[in-house]
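# Structural description and commentary
Each chain is listed here by its residues.
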Amino acid sequence: MHNHTHVVLHINLDEAKSLSDEEVLLRWHKLHKGMVCCRQFLDEKERVKLSQAELDTVMRVVEIYRNRLCDVSWFMRLLNEYIARKANKEDECTGRFWEGRFKSQALLDDAALYACMAYVDLNPVRAGISNQPEKSAFTSIRSRVLASRQKKKLPALLPFKDKKTEYGSSVLNCTLSDYLALLHSTVKSKNAATCRGIEELYAKIEVFNTNVGSWHCMSFDIDGRFGTKVSADIAQRKLAVL
């Protein structure tokens, strides 16, 4: 959006733990220069020149970097810094770019995950900037649809499952076509003058063990109605007290 951004993150702790020391350093050095001894460690000829004390320092630093590579706060810190630097350069100015610290919400079940994804991808539609999610600029759903048509992969995004992949920690348990249909049903159910749109949405979200009211609460107002945790049960409790 023109004044804020939303990101749905998946933290893969198992992958972070499985990375070798060299892989951790290589990833971190794509972001920062790092310590001299760490750069020497990555050079086989220079590594043998390191003292035991320097090697011990490298090992301690590697674990610090490993934790940072799967830390939401560090991810947002680096992302926001990159955007701020780029914007200030374009505007030929200096100073603070973002108004405040980011807000983080834990998605506790599949209903919350897909509702949050829908909330993000439907942002331009809700704002009246676009009338179709797959045509909304700067959204993952538009990137996914274009990549699918061109038969390309998007390594930066967690893939949806298809006929060739099984559901796992590195694949979303939904096909792209089903997710796109879910987005359209969500919009239609909110705008429909009859109950037909509601019935269509219910058929789509039944697999998440939630109802239309909870789904609307999460997919249209997850940012305003929830605190640090989001789930179908929490949404239902919020609706019960209204």
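Look a little higher up for the structure.
What comes next is a walk through the structure. (Residues numbered from 1 in each chain as written. Predicted model: local features only at pLDDT ≥ 70, side-chain atom pairs only at ≥ 80, totals over all residues. Heavy atoms only, no water.)

### Structural notes on the overall build of the protein chain
What counts, and what does not: Working definition: helices are DSSP H or I runs of at least four residues, strands are E runs of at least two. Numbering for both runs from the N terminus. Residue exposure (1.4 Å probe, protein chains only): buried if accessible area is under 20% of the type maximum, exposed if over 50%, otherwise partly exposed. It only takes one pair of heavy atoms within 4.5 Å for two residues to be counted as in contact. Here, Shrake-Rupley sampling with a 1.4 Å probe gives the accessible areas, and only protein chains in the shown set may cover a residue. For the charge count, each Lys or Arg is scored as positive and each Asp or Glu as negative, with His and the chain ends excluded. A charged residue contributes its charge at one atom only: NZ of Lys, CZ of Arg, CG of Asp or CD of Glu.
In terms of helices and strands, the protein chain carries 13 helices and 2 strands. For the protein chain, the C-alpha atoms occupy an extent of roughly 75 × 45 × 45 Å along the three principal directions. Put simply, the protein chain has 242 residues, and 33% of those count as buried. Across the protein chain, contacts joining residues at least 24 apart in sequence account for 52% of those joining residues at least 6 apart. When the accessible area of the protein chain is evaluated, it comes to approximately 15800 Å², of which 51% is carbon and sulfur surface. In the protein chain, which carries 37 positive and 30 negative side-chain charges, the distance between the mean positions of the two groups comes to 4 Å.

### Here's the deal with the side chain of S136
Rules: Identification of polar contacts relies on pairs of N or O atoms within 3.5 Å, with a donor-acceptor requirement for protein atoms, meaning one able to donate a hydrogen and the other able to accept it, and with residues adjacent in sequence counted only if both atoms are side-chain atoms.
Note that S136 resides in the loop between α8 (123-126) and α9 (140-149). You can call S136 buried: its relative accessible area is 1%. From its side chain, S136 meets the backbone oxygen of Q132 in a polar contact 3.1 Å long. When neighbours within four sequence positions are excluded, S136 is seen to be in contact with P124, V125, S130 and R142.

### What to know about the nonpolar core
Where we set the bar: The nonpolar core is taken to be a set of buried Ala, Val, Leu, Ile, Met, Phe, Trp, Tyr and Cys residues, with the residues joined through side-chain atoms within 4.5 Å.
Core analysis: the biggest nonpolar cluster contains 35 residues, and Y114, F160, Y179, W215, M218 and F226 have the highest contact counts within it. Mapped by element, the contributors of at least two residues to this core are α7 (110-121), α9, α10 (176-191), α11 (196-205), α12 (212-225) and α13 (232-240). In terms of residue count, the dominant contributor to this core is α7 (9 residues). Not counting chain neighbours up to four residues away, the residues in contact with Y179 comprise Y114, M117, A118, D121, I141, F160 and C174. Membership of the second largest hydrophobic core comes to 14 residues, among which are C37, L50, V61 and W74.

### Regarding helix α5 (residues 52-68)
Under the convention used in this document: A helix is expected to span 1.5 Å multiplied by its residue count minus one.
Taking 1.5 Å as the rise per residue, α5 with 17 residues should run 24 Å; its terminal C-alpha atoms sit 25 Å apart, in good agreement. Of all the positions in α5, only T57, V58, V61, V62, Y65 and R66 are classed as buried. On its buried face, α5 sits against α1 (13-18), α2 (21-29) and α3 (36-41).

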